[in-house]
Amino acid sequence: MEVKTRSEGPSDQDLADRASIGDREAFSMLVERHYMFIHRVAWKWCRDRSAAEDIAQNVCLRLGVAIRNWRNESAFKTWLYRITINAAHDHARFVAREMRKAQAMAVHAAALGEEIETYRPSHSDYVWDAVRTLPDKQRDAMLLVYGEELNHADAAAVMGCAESTVSYHLHAARKQLKSLLGKSGAEQ
């Protein structure tokens, strides 16, 4: 992944190196510099402002612990993508658990003759809603290549796999999306 140098201050790599040994100012600069990036990736993942803020805050908290294990083996931004995507996965699993609980409660309430409101996720972007239903690796590849506009090599670095594997996941995702979107379009 290409490292962009900044004329104002130290590079991300330098800040990460300093933060990994306990430099709080360096850590603060990294968070300030990349918070909007983290939020943007989170928002593209979930398409929900509140959830994106939760994910971004969670990433910042995780970063405080994870930076101690920084080894400078890849670009800082590549490493940050992975942390952000992992946090988005965790958030999606949490939401799914909460939805299952709400549905179970609704079934129970209906059996007792009561009404209960259930959580309904935002449907602001039909295609990205479909992408979020894909298996994790396919979803990650779609987000990184089409949402973040990374090339296959950079997406592979973030995902920790070969370029050809990214291509495979994208091919499988496109086939599955064609089927999913075709079915939904026929129903409308």
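Going by the structure above, here's the rest.
Calculation criteria
- Residues numbered from 1 in each chain as written.
- Predicted model: local features only at pLDDT ≥ 70, side-chain atom pairs only at ≥ 80, totals over all residues.
- Heavy atoms only, no water.
- Salt bridge = Lys/Arg side-chain N within 4 Å of Asp/Glu carboxyl O.
- Helix = DSSP H or I, 4+ residues; strand = E, 2+ residues; numbered from the N terminus.
- Buried < 20%, exposed > 50% of the residue type's maximum accessible area, 1.4 Å probe, protein only.
- Contact = heavy atoms within 4.5 Å.

S.K.: Please clarify how the pattern of salt bridges should be interpreted in this entry.
M.R.: Two side chains bearing opposite charge may form a pair once their charged atoms approach each other closely. A complete count under the given rule lists eight salt bridges for this structure. Across the pair Arg40 and Glu148 runs a salt bridge whose closest N-O atoms are separated by 2.7 Å. One end of the pair, Arg40, is in helix α2 (residues 24–46); the other, Glu148, is in the loop between α6 (136–147) and α7 (152–159), and 108 residues separate them in sequence. Note on Arg40: relative accessible area 34%, which makes it partly exposed. Notably, a salt bridge pairs Arg93 with Asp90, separated by 2.3 Å at the nearest N-O pair. Of this pair, Arg93 and Asp90 are both found in helix α4 (residues 76–111), three residues apart, which corresponds to roughly one turn of the helix. The exposure class of Asp90 is partly exposed, given its relative accessible area of 30%. One connected set of salt bridges, linked through shared partners, spans Arg40, Lys44 and Glu148.

S.K.: Would you mind showing me how to read the side chain of His39 here?
M.R.: Within the fold, His39 resides in helix α2. Excluding anything up to four places from it in sequence, His39 contacts Arg49, Ala52, Glu53 and Ala56.

S.K.: Where do I start with the environment of Arg71 in this structure?
M.R.: Within the secondary structure layout, Arg71 lies in the loop between α3 (49–66) and α4. A relative accessible area of 59% means that Arg71 is categorised as exposed.

S.K.: Explain the side chain of Lys44 to me, please; I cannot follow it from the model alone.
M.R.: Along the chain, Lys44 falls in helix α2. With relative accessibility at 19%, the residue Lys44 sits in the buried group. Leave out the neighbours within four places in its chain, and Lys44 touches Arg132, Leu143, Gly147 and Glu148.

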